[in-house]
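Chain residues, written in single-letter form:
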Protein chains: 2
Amino acid sequence: MTAQTNAVTATVFDPRLDLELKREVPVPPALLWRAWTEPDLLMKWFTPAPWRTTACEIDLKPGGLFRTVMEGPNGEKNDNIGCYLAVEPEKLLVFTSALGPGYRPTGNSFLTASVTFEPTAAGTLYTAVALHKDEATKTQHEEMGFHHGWSAALDQMVALTKGM
Amino acid sequence: MTAQTNAVTATVFDPRLDLELKREVPVPPALLWRAWTEPDLLMKWFTPAPWRTTACEIDLKPGGLFRTVMEGPNGEKNDNIGCYLAVEPEKLLVFTSALGPGYRPTGNSFLTASVTFEPTAAGTLYTAVALHKDEATKTQHEEMGFHHGWSAALDQMVALTKGM
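This is a predicted model, so every value here is computed, not measured. (Residues numbered from 1 in each chain as written. Chains lettered and ligands numbered in written order. Predicted model: local features only at pLDDT ≥ 70, side-chain atom pairs only at ≥ 80, totals over all residues. Heavy atoms only, no water.)

*Asks:* Lay out the sheet that holds strand 4 (residues 52-58) of chain B with the relevant residues and their values.
*Replies:* Residues and elements named next belong to chain B. Strand order in the open sheet formed by seven strands is 3-9-8-7-6-5-4, and the pairing between neighbours is antiparallel. The open sheet has two free edges, formed respectively by strand 3 (19-25) and strand 4, since each of these has just one partner strand. Each neighbouring strand pair of the sheet contributes to a mean axis angle of 20 degrees, computed without reference to strand direction. Summarising the sheet, strand 4 and strand 5 (residues 65-71) pair through six bridges and their orientation is antiparallel. The residue bridging Thr53 from the neighbouring strand is Met70, located in strand 5. Its contacts with the sheet place helix 1 (residues 29-37) against strand 3, strand 4, strand 5, strand 6 (77-88), strand 7 (92-96), strand 8 (112-119) and strand 9 (124-131), and it is angled at close to 155 degrees to strand 8. (Pairing = 2+ DSSP bridges. Helix = DSSP H or I, 4+ residues; strand = E, 2+ residues; numbered from the N terminus. Axes fitted to C-alpha atoms, helices over the stretch in contact; angles between N-to-C directions. Contact = heavy atoms within 4.5 Å.)

*Asks:* Explain the UniProt feature "domain: Activator of Hsp90 ATPase homologue 1/2-like C-terminal" (unreviewed entry) in chain A to me, and be specific about the residues and the numbers.
*Replies:* The sites that UniProt annotates as "domain: Activator of Hsp90 ATPase homologue 1/2-like C-terminal" (unreviewed entry) are residues 27-160 of chain A. Strand forms 35% of residues 27-160 of chain A and helix 30%; the C-alpha atoms that close the span are 10 Å apart. (UniProt positions renumbered as here; feature names shortened; annotations may be inferred.)

*Asks:* So what's going on with the packing of aromatic side chains? Which residues, and what values?
*Replies:* All names here are of chain A. Within this structure, the stated rule accounts for 22 aromatic pairs over all chains. Between Phe146 and Trp150 the ring centres are 4.6 Å apart and the planes differ by 40 degrees, which places this aromatic pair in the tilted class. Of this pair, Phe146 and Trp150 are both found in helix 4 (residues 146-162), four residues apart, which corresponds to roughly one turn of the helix. Given the relative accessible area of 1%, Phe146 is considered buried. Residue Trp150 is classed as partly exposed on the basis of its relative accessible area, which comes to 23%. Among the aromatic side chains, those forming a connected cluster through ring pairs are Trp36, Trp45, Phe46, Phe66, Tyr84 and Phe95. (Phe/Tyr/Trp six-rings, centres within 6.5 Å; stacked < 30°, edge-to-face > 60°. Buried < 20%, exposed > 50% of the residue type's maximum accessible area, 1.4 Å probe, protein only.)

Shown next, in the form of structure tokens:
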């Protein structure tokens, strides 16, 4: 796989630096979009158990705040501030940890994420990509459990939205 | 002065963290816009002498590359990679050092900059803001000569565009 420009997202996937979860799921884009953009819904699926998402703030526009608080089983607490970069309803969401609300730098260059929702006969082709600044950060993210974690969260999102 | 939301830019100016150059200049927004967005023009005014801008790449869209190479009188060389966040022709330009092309994090959280161009009877009310992640970075930028540097560059831009 070589570097690919995604015309929709304006991001470029580089297999040397980036991680990807791509899966077709039996839920339409409109419901997955709601799961990603309504705090009450997002908190129900965003973190694989036993972690929980205990707070979420969403200001859904380029430059708007995306904040999640994740709590672990041993009292761990991660308060993540990010900023939306691209918002195309039911199609595309791009956000980054490197900026906060109003595009102010955060000093946390961990990732930019893009999520795309493409309608299919059976539901949605779901693609979530994490872009990193270097190979070390990609490896760190892999070792934190990117593949299992994002996949388990997607399972939770599908279970939640199938019943809606 | 307290924190102010700029409806046009979606950025929020915080006097504790940020720096601003605001001045009315006798050139219309259309020419200042060209000076900011055409590499051949930008290289002529972007750095106060004796520094020179020796290369410039502009991909003028949200997520697009903004690169400048600045060279100093003693052989210093700064290669700056950034990314446009908002592009509204003749009105607003927002870019950041924290992201590169395709919104990929750079690890350089020095600043996000917004430049606004408001037409006036005499020309343009020009406002350039540098947003920082903390007070230390603001102070560092001030000590690097923000006020003199951005003001001298604006003088050069006005001198260039008045003749166009």
